[in-house]
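Fold and geometry: a report
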Amino acid sequence: MRKWYFTLHLQEPLTEKQSNTLDHLDRFNDGRIGLEEVPGVRAKFTCVFEAETLTAAIREALDFFEDFPGVLVRSVELDALELDENGMATPAVVPAPPPLEDDPAA
């Protein structure tokens, strides 16, 4: 397993109701995902997940949003630390991974 560092950019800033909901979602309080926001302007989550692949780490992070209705992730960006570790010269944005085949919600 390796650590993957990336940022989930939200489509819209969080509403007051969504912010209040987030305060009560335990899975967002384990240190792997943290909110950075400018209220009314933008919101993003910085992530550090351990997984075999980047897509597996992203999938796990996106699973956190199942209990967070109305919040949509616009894009996934690799942070500077991850760019350096992978020898990349420019930021990379990857689409969300497809749902797992055995996922009943798919």
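To be clear, the structure that these remarks concern was listed above.
A brief structural summary. Note that the structure is a prediction, hence the values are computed from the model and not measured. Residue numbers restart at each chain and count upward from 1, following the sequence in its written direction. Predicted model: local features are reported for residues with pLDDT of at least 70 only, side-chain atom pairs are reported and counted for 80 or more only, and whole-chain, interface and lining totals are derived from all residues. Processing note: side-chain calculations cover all non-hydrogen atoms of the structure and skip hydrogens and water entirely.

Moving on: the side chain of His9. Tracing the sequence through the fold places His9 in strand S1 (residues 2-10). The contact criterion used is simple: two residues touch if any of their non-hydrogen atoms lie within 4.5 Å. If near-sequence neighbours (up to four positions away) are discounted, His9 is found in contact with Ala43, Lys44, Leu72, Val73, Arg74, Ser75 and Glu77. Only DSSP runs of H or I with at least four residues qualify as helices, and only runs of E with at least two residues qualify as strands; both kinds are numbered from the N terminus onward.

When the centres of two rings from Phe, Tyr and Trp lie within 6.5 Å, Trp using its six-membered ring, the rings pair. Their planes under 30 degrees apart give stacked, over 60 give edge-to-face, and anything left gives tilted. Following the criterion strictly, the structure yields eight aromatic pairs and no others. Look at Phe65 and Phe68: their rings are 6.1 Å apart centre to centre, the planes differ by 15°, and that puts the pair in the stacked class. The ring of Trp4 is capped by Arg2, whose NZ or CZ atom sits 3.8 Å from the centre of that ring. Two conditions define a charge located above a ring, namely a distance within 6 Å from the ring centre to NZ of Lys or CZ of Arg, and an angle within 35 degrees of the ring normal.

Note that soluble globular proteins tend to have their nonpolar side chains buried in a common cluster. Judged by nonpolar contacts, the single largest core of 25 residues is most densely connected at Phe6, Leu8, Phe28, Ile33, Phe45, Phe65 and Phe68. Contributing elements (two or more residues each) for this core: S1, strand S3 (42-51), helix H2 (54-63) and strand S4 (73-78). Residue contributions to this core peak at five residues, all from S3. Joining through side-chain atoms within 4.5 Å is the link that ties buried Ala, Val, Leu, Ile, Met, Phe, Trp, Tyr and Cys residues into a set, and such a set is a nonpolar core. The classification of residues rests on relative accessible area computed with a 1.4 Å probe and restricted to protein chains. Under 20% of the type maximum is buried, over 50% is exposed, and intermediate values are partly exposed.

Moving on, we get to the pattern of salt bridges. In what follows, salt bridge is the name for a side-chain nitrogen of Lys or Arg lying within 4 Å of a carboxyl oxygen of Asp or Glu. Taken as a whole and judged by the stated rule, the model has three salt bridges. Notably, a salt bridge pairs Asp30 with Arg32, separated by 2.8 Å at the nearest N-O pair. Residue class for Arg32 comes out partly exposed when judged on its relative accessible area of 28%. For Glu36, the salt bridge is made with Lys44, and the minimal N-O distance between the two is 3.8 Å. Judged by its relative accessible area of 36%, Glu36 is partly exposed. Each of Asp30, Arg32 and Glu60 takes part in a single network of salt bridges with overlapping partners.

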